[in-house]
Amino acid sequence: MIIRKVLLCFFIFIFFSEVNAASVSRSSETSKLLSISYQNADIATVFETLSKHEKVNILLSAGVSGEISINLYEMTLDDAIHIIAMTAGLAVQKTKGSYIISQQGEVGKDVLGGLTEVRSFKVQYSDVEQVEGILEDHLSRYGKITTLTDRNLLIVEDKPAFLKKIQKILFEIDKQPVQILIEAKILDVSLTDEDQYGIDWTKIVGEKTVGVTGLNTPTSGFFFTLFNKNIDLKLNALANKGRTRTLSTPKLLALENRKASVIIGKQLGFRTTTTINQVTTESVEFIDSGIILTVTPSIDNSGRIMLDIHPEISDGVLEDGIPQITTTAVTTQLLADDGQAVFIAGLIKNTLVEASNGVPVLSDIPYIGRAFSNDFDNRNNTETVVIITPHIIRTEAERLGFSSESDFAEVKVEARKSTLLVKEKFSKNTKKQHAADMGAQENLKHDMQKVNTSACKERNVAGFLVDKECN
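Residues numbered from 1 in each chain as written. Predicted model: local features only at pLDDT ≥ 70, side-chain atom pairs only at ≥ 80, totals over all residues. Heavy atoms only, no water.

Student: Quick rundown of the overall build of the protein chain? Include the residues and the values.
Tutor: Looking only at helices and strands, the protein chain features nine helices and 20 strands. The 471 residues of the protein chain split such that 28% are buried. Pairs at least 24 apart in sequence give 62% of the contacts found in the protein chain among residues at least 6 apart. If you sum the accessible surface of the protein chain, you get close to 31,600 Å²; carbon and sulfur atoms cover 53% of it. (Helix = DSSP H or I, 4+ residues; strand = E, 2+ residues; numbered from the N terminus. Buried < 20%, exposed > 50% of the residue type's maximum accessible area, 1.4 Å probe, protein only. Contact = heavy atoms within 4.5 Å. Areas by Shrake-Rupley, 256 points an atom, 1.4 Å probe, with all protein chains shown as cover.)

Student: Tell me about the sheet that holds strand S8 (residues 153-158), and name the residues and values.
Tutor: Strand pairing within a sheet occurs via backbone hydrogen bonds; the two strands may be parallel or antiparallel. The three strands are arranged S6-S8-S7 in an open sheet whose pairing can be described as antiparallel. Lying at the two open borders of the sheet, with one neighbouring strand each, are strand S6 (117-122) and strand S7 (144-148). Strand after strand, the sheet turns through a mean of 20° between neighbouring axes, direction not considered. Sheet analysis places S7 next to S8, joined by five bridges and oriented antiparallel. Bridge assignment links Ile 145 to a residue of S8, and that residue is Val 156. (Pairing = 2+ DSSP bridges. Axes fitted to C-alpha atoms, helices over the stretch in contact; angles between N-to-C directions.)

Student: Tell me what's going on with empty space enclosed by the protein, and back it up with residues and numbers.
Tutor: One pass over the full model with this rule turns up one cavity of 30 Å³ or more. Taken as a whole, the largest cavity encloses approximately 40 Å³ of empty space. Every element with two or more residues in the lining of the largest cavity is listed here: strand S15 (279-299), strand S16 (305-319) and strand S20 (373-393). Of the residues contributing to the lining of the largest cavity, the split by class is eight nonpolar, one polar and one charged. (1 Å grid on protein atoms, 1.4 Å probe; cavity = no way out; pocket = protein on both sides within 12 Å on 5 of 7 lines; lining within 4 Å. Points joined across faces, edges and corners; volume = space filled by probe spheres on them. Nonpolar A, V, L, I, M, F, W, Y, C, P; charged D, E, K, R; others polar.)

Student: Quick one: what's the story with unusual backbone geometry, residue by residue and with numbers?
Tutor: The phi torsion at Asn 152 lies on the positive side, around 50°, for a residue other than glycine. Within the secondary structure layout, Asn 152 lies in the loop between S7 and S8. Its relative accessible area of 29% is what places Asn 152 among the partly exposed residues. A positive phi is found at Gln 278, a non-glycine position, where the angle reads about 65°. Secondary-structure assignment places Gln 278 in the loop between strand S14 (260-276) and S15. Judged by relative accessible area, Gln 278 falls into the exposed class, the value being 79%.

Student: So what about the packing of aromatic side chains? Which residues, and what values?
Tutor: Each aromatic ring pair is characterised by the separation of its centres together with the angle its planes make. The final tally for this structure, using the stated rule, is three aromatic pairs. The interplanar angle of 65° and the centroid separation of 4.8 Å between the aromatic rings of Trp 201 and Phe 343 together place this pair among those described as edge-to-face. Taken together, the residues span a long stretch of sequence, with Trp 201 in helix H6 (residues 201-205) and Phe 343 in strand S19 (residues 342-358) at a distance of 142 residues. Using a relative accessible area of 2% as the deciding quantity, one classes Trp 201 as buried. When its relative accessible area of 0% is taken as the criterion, Phe 343 is described as buried. Ring plane angle 65° and centroid distance 6.4 Å describe the contact between Phe 223 and Phe 343, whose orientation is recorded as edge-to-face. (Phe/Tyr/Trp six-rings, centres within 6.5 Å; stacked < 30°, edge-to-face > 60°.)

Student: Summarise the packing of helix H2 (residues 43-54) against helix H3 (residues 77-87); cite the residues concerned and give the values.
Tutor: For the pair H2 and H3, the least separation of the axes is 11 Å and the interaxial angle reads 170°. With respect to their mutual orientation, H2 and H3 come out roughly antiparallel. Along its contact with H2, which presents Ile 43, Val 46, Phe 47, Leu 50 and Glu 54, the element H3 presents Leu 77, Ile 81, Ile 84 and Ala 85. Its residues placed into classes, the contact of H2 with H3 shows eight nonpolar, no polar and one charged. (Parallel < 35°, antiparallel > 145°, perpendicular 65-115°, else oblique.)

See the structure below:
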């Protein structure tokens, strides 16, 4: 009996030893390194040799052909298959332990969850076609982009690592544009004979200024500077004399690097005729005239605002159906801090009004009516000044001091999670407290029942009649 047990143990030991030896041998076979050398060999032959020698399934898709020359030393089987395919310009997809070799354009069509993935990206603030052109340079050889222009959507297929790279680049180039609130005040200042060519603002400012000097007098011409208290006092003094008139106080909300404009005036309409292939069409076009202010803001890295300003005063009439426009306009750029007012002046407008008065009836008599009438010209010279104050509209993240929207978004997610945890804990505590209160009430009710029962028993023992509460 003992001999049988010893023999049985011996055979079991031999059996498991062989199993372990086989598993170790198999493991060493799969992890062993390969050395391969081919010169001008057919790619199909190379993969067929690897498949037979290493006992692994390697499948070639239709169209996989060509010759290859390689020298590989001490590489794993998986690395060797990928490098051979990469050298031949092919793609490798692995599924259920088998390798599928295919053309790069066929990646993802046969194996789900293989080499590439597909993601959609929404382009919110930029031109979707320009973004597509930028991202195409950052795809892998397996990647491709499909653009849905009408929906500003990009469908990107690529390897996961490259998709992350695309997402990061898109986040940087498709940021929400900064908004700038532009407060403008447009005034008309009546000029007298003393300052018929414009007010000498250089004497009023009392500091270094920037301007364009005109040809009439040394003090006239386009002028701009930062608004200060001296200019404010001068405008108040002119207003007290009735020499200023507020034309408009518009507020414009503009996106960074986008043009915003305000027009105070009228539109001149005129007819245009177009003939194409002996077919004549007529349309009406319009030209803006009056006081036109155009501003294009941008922000530098220091938070200052660059303003591209184009103030214009124009007056137009139609002569024989053709518009005649008289324009005074200047285009300039200046830099201001957030909330810093900018003062622009020097836009002179001359208005000539012809009028006559005379003795009624007599002044209308031909030839002799001139003796009873008087013709005169009324000239009115005004200077238009513009005060512009830009304000940067801060986002919630910027107001709270975050350097990027992504950091703020992560904090908001964590804050939301913390809020939910607090609500959940509060709800659990409330339920526990409610259960404790209910338990205390039940215990109190149970104790009262015991007291009543005891009292009833005492009354029965004493021979008293039991009342309704004891029933």
